[in-house]
Amino acid sequence: MWSEETPAEGASTTVYAAAASEMEGVGGCYLYNGLKTQSSSSSYDAELQAELWKKSCELVGLQEA
């Protein structure tokens, strides 16, 4: 369910990830409302990842790598 956030509230986690000194050198994590958390279980499904990659390549006109 989507919450009703202002644009600034919606951007706050992205700005935090990009600018916070404690996030320097950190990668491969999922942030929700500024907190590290585990993404949904389906995000770890290798078959879904491959399917998404293939469809994304098709949509932007790229050959799969």
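Residues numbered from 1 in each chain as written. Predicted model: local features only at pLDDT ≥ 70, side-chain atom pairs only at ≥ 80, totals over all residues. Heavy atoms only, no water.

Draft legend 1. Summary view of the overall build of the protein. Within the protein, the secondary structure is distributed over 2 helices and 2 strands. Beginning at the N terminus, the succession of helices and strands in the protein can be written as α-β-β-α. For 65 residues, the compact-globule formula gives about 11 Å, and the C-alpha radius of gyration of the protein, at 15 Å, lies well above that figure. Viewed in the frame of its principal axes, the protein has a C-alpha envelope of about 35 × 30 × 25 Å. Buried positions account for 9% of the 65 residues belonging to the protein. Carbon and sulfur atoms provide 56% of the accessible area of the protein, an area that totals close to 5,900 Å². (Helix = DSSP H or I, 4+ residues; strand = E, 2+ residues; numbered from the N terminus. Rg over C-alpha atoms; globule rule 2.2 N^0.38 Å. Buried < 20%, exposed > 50% of the residue type's maximum accessible area, 1.4 Å probe, protein only. Areas by Shrake-Rupley, 256 points an atom, 1.4 Å probe, with all protein chains shown as cover.)

Draft legend 2. Fine view of the pattern of salt bridges. Evaluation of the coordinates by the stated rule reveals 1 salt bridge. Note that Glu-58 is salt-bridged to Lys-55, the shortest N-O span being 3.7 Å. In this pair, Glu-58 and Lys-55 are both assigned in helix H2 (residues 46-60), 3 residues apart and thus about one turn of the helix distant. Here Lys-55 falls in the partly exposed class, since its relative accessible area comes to 45%. (Salt bridge = Lys/Arg side-chain N within 4 Å of Asp/Glu carboxyl O.)

Draft legend 3. View of helix H1 (residues 7-19). Here H1 spans 17 Å end to end across 13 residues, near enough to the 18 Å set by a 1.5 Å rise per residue. Its maximal kink placed at Thr-13, H1 deviates by approximately 35°. (Expected span 1.5 Å × (residues − 1). Bend = angle between axes of the 7 residues up to and from the residue.)

Draft legend 4. Highlighting unusual backbone geometry. Look at Asn-33: it is not a glycine, yet its phi comes out positive at around 55°. Along the chain, the position of Asn-33 falls in the loop between strand S1 (30-32) and strand S2 (35-37).

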